[in-house]
Amino acid sequence: MTTPQKTVKVQLVRSPIGCKESHRATVRGLGLRKLNSVRELQDTPAVRGMINKIDYLIRIV
């Protein structure tokens, strides 16, 4: 019997145009492409770190 994986939904609400290149790469690394796109990701420390890095561009749904 396995425990269910915790997930977190993120939505891109601001354009990464004009942001640092590393922040744009983080947006792409999370799988977000267009504005208002939503991804459901596993809640891991690595994903949390990426979310914290670009918290001004995204929203937790």
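This text goes with the structure placed above it.
The rules behind the values
Residues numbered from 1 in each chain as written. Predicted model: local features only at pLDDT ≥ 70, side-chain atom pairs only at ≥ 80, totals over all residues. Heavy atoms only, no water. Helix = DSSP H or I, 4+ residues; strand = E, 2+ residues; numbered from the N terminus. Buried < 20%, exposed > 50% of the residue type's maximum accessible area, 1.4 Å probe, protein only. Contact = heavy atoms within 4.5 Å. Areas by Shrake-Rupley, 256 points an atom, 1.4 Å probe, with all protein chains shown as cover. Pairing = 2+ DSSP bridges. Salt bridge = Lys/Arg side-chain N within 4 Å of Asp/Glu carboxyl O. Axes fitted to C-alpha atoms, helices over the stretch in contact; angles between N-to-C directions.

Peer 1: Help me understand the overall build of the chain in this model?
Peer 2: Helix and strand content of the chain: two helices and three strands. For the chain, the spread of C-alpha atoms along the principal axes amounts to about 45 × 20 × 15 Å. Put simply, the chain has 61 residues, and 30% of those count as buried. Of the contacts formed within the chain by residues at least 6 apart in sequence, a portion of 73% connects residues at least 24 apart. For the chain, the accessible area works out to roughly 4500 Å², and carbon and sulfur atoms hold 52% of it.

Peer 1: Any chance you could explain the pairing of strand E1 (residues 7–12) here in plain terms?
Peer 2: The two faces of a sheet get side chains in turn, since along a regular strand they alternate between them. Two elements, E1 and strand E2 (residues 38–42), share five bridges in a ladder whose sense is antiparallel. Paired with Thr 7 across the bridge in E2 is Gln 42. Where E1 meets strand E3 (residues 58–60), three bridges bridge the pair, whose relative direction is antiparallel. Counterpart to Leu 12 in the pairing with E3 is Ile 58.

Peer 1: Help me understand the pattern of salt bridges, please; the structure alone is not making it clear to me.
Peer 2: Any two side chains of opposite charge can pair if their charged atoms end up close together. Throughout the structure, instances matching the rule amount to two salt bridges. For Glu 21, the salt bridge is made with Arg 24, and the minimal N-O distance between the two is 3.2 Å. Taken as a pair, Glu 21 and Arg 24 lie in helix H1 (residues 21–29) at a separation of three residues, close to a single helical turn. Owing to a relative accessible area of 53%, Glu 21 belongs among the exposed residues under this scheme. Note that Arg 48 and Asp 43 form a salt bridge whose closest N and O atoms lie 2.8 Å from each other. Look at Arg 48 and you get partly exposed, because its relative accessible area is 36%.

Peer 1: I keep staring at the sheet that holds E3 and nothing clicks. Help me out?
Peer 2: Strand pairing in a sheet is mediated by backbone hydrogen bonds. Such pairs are either parallel or antiparallel. If you trace the three strands from one edge of the open sheet to the other, you get E2-E1-E3, paired in antiparallel fashion. Two strands in the sheet have a free side with no partner beyond their single neighbour: E2 and E3. Taking the axes of each pair of neighbouring strands and ignoring which way they run, one obtains an average angle of 30° across the sheet. Those strands touched by helix H2 (residues 45–53) are E1, E2 and E3, and its axis lies near 25° from that of E1.

Scope: geometric values only; no functional claims are made or implied.
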